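Fold and contact review
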Amino acid sequence: MAERFERTFVAIKPDAVNRGLVGDIISRFEKRGFKIIGMKLLHPTLEHAQKHYAEHVGKPFYNNLINFITEGPIVAMVIEGVNVIDISRKMMGTTDPQQAAPGTIRFDYAQVKESNVVHGSDSVESAEREIAIYFKPEELFEARENDADYFIKMFGHVEEKSF
Ligand code: RTP
Ligand code: MG
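First things first, this report covers the structure right here in the doc.

The rules we used
- Residues numbered from 1 in each chain as written.
- Chains lettered and ligands numbered in written order.
- Predicted model: local features only at pLDDT ≥ 70, side-chain atom pairs only at ≥ 80, totals over all residues.
- Helix = DSSP H or I, 4+ residues; strand = E, 2+ residues; numbered from the N terminus.
- Buried ≥ 20, exposed ≤ 12 C-beta atoms within 10 Å, placed from the backbone.
- Core = buried A, V, L, I, M, F, W, Y, C linked by C-beta atoms within 7 Å.
- Contact = placed C-beta atoms within 7 Å.
- Near = placed C-beta within 6 Å.
- Nonpolar A, V, L, I, M, F, W, Y, C, P; charged D, E, K, R; others polar.
- Arc of directions from axis to C-beta.
- Pairing = 2+ DSSP bridges.
- Axes fitted to C-alpha atoms, helices over the stretch in contact; angles between N-to-C directions.

A count of helices and strands for the protein chain gives eight helices and four strands. Going residue by residue from the N terminus, the α and β elements of the protein chain occur as β-α-α-β-α-α-β-α-α-β-α-α. By principal-axis analysis of the C-alpha atoms, the protein chain measures approximately 65 × 35 × 35 Å. Looking at the 163 residues of the protein chain, the share that counts as buried comes to 29%.

Encoded structure:
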């Protein structure tokens, strides 16, 4: 797979927020090296939910899905990294936690597909569309390199090396 630098929209769904799983889930993405460049706790409105899940209108699970996602606050995030769209969905596991591989977020934290803990965009187009539903451009921040590199570049003041 070509290495492409991407952004994706990730949501920690109301079930996971309610169960206190926010820290655990965020830390998985951080440990992978992905950068969180936008994040907020919000209670999705009906409009948010309908726009977000527009592709599922008319499907048998649609009403339950809309009710579920508007049930309580979610943590909405924009995450950046190499192939983050595909890799973050791999980290989440399949839609149905019963089918998900052990070690994935949905396998580890969920039992049924109706409340499966996380959402991740499934393509570049979905990511752009979903990010725009939940974030204004000014709510996203440039990802920095690690702090040392950043400050060295910024201030150019490394006086000597120890190696
Ligand atoms: P998501 O969009 O939430 O990241 O999940 P996904 O791509 O893995 O699955 P998708 O097909 O987009 O479905 C969106 C959400 O709808 C619920 N669902 N229920 N009862 C069912 O057959 C069924 N199928 C899907 C799941 O909560 C899924 O995450
Ligand atoms: Mg989906």
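The structure having been displayed, the exposition proceeds.
With that settled, the discussion passes to the environment of Ile 79. Relative to the assigned elements, Ile 79 resides in strand E3 (residues 74-82). Put simply, Ile 79 and Glu 55 are 24 residues apart on the chain and 22 Å apart in space, counted from C-alpha to C-alpha.

With that settled, consider the nonpolar core. Core analysis: the biggest nonpolar cluster contains 28 residues, and Ala 11, Ile 12, Ala 16 and Val 118 have the highest contact counts within it. Looking at this core, the elements that each hand over two or more residues are strand E1 (5-12), helix H1 (14-18), helix H2 (22-32), E3, helix H5 (84-92), helix H6 (105-109) and helix H7 (124-134). Sort the elements by how many residues they give to this core and E3 lands first, with six residues. Every residue in contact with Ile 12, bar those within four places of it in the chain, is listed here: Val 17, Val 22, Ile 25, Ile 74, Val 75 and Val 118.

Around ligand 1 sit Phe 61, Leu 65, Thr 95, Lys 113, Glu 114, Asn 116, His 119, Gly 120 and Asp 122, and those are all the residues in its vicinity. Considered class by class, the residues forming the shell around ligand 1 number two nonpolar, four polar and three charged.

Among all positions of H7, only Ala 127, Glu 130, Ile 131 and Tyr 134 are buried. Down the axis, H7 shows its buried residues gathered within 105° of arc, on one side only. In H7, the exposed residues that point more than 90 degrees away from the buried face are Glu 125 and Ala 132. Buried residues along H7 sit against E1, helix H3 (46-52), E3 and H5.

Even without being glycine, Asn 83 reaches a positive phi, approximately 50°. Secondary-structure assignment places Asn 83 in the loop between E3 and H5. Here the phi dihedral of Val 117 falls at roughly 75°; this positive angle occurs in a residue that is not glycine. Turning to its location among the elements, Val 117 is positioned in the loop between H6 and strand E4 (118-120).

Time to look at the sheet that holds strand E2 (residues 35-42). Pairing is antiparallel across the open sheet formed by four strands, whose spatial order is E2-E3-E1-E4. A strand with exactly one partner marks an edge of an open sheet, and here the two such strands are E2 and E4. Within this sheet the neighbouring strands show an average axis-to-axis angle of 20°, counted without direction. Direction of pairing for E2 relative to E3: antiparallel, over a ladder of seven bridges.

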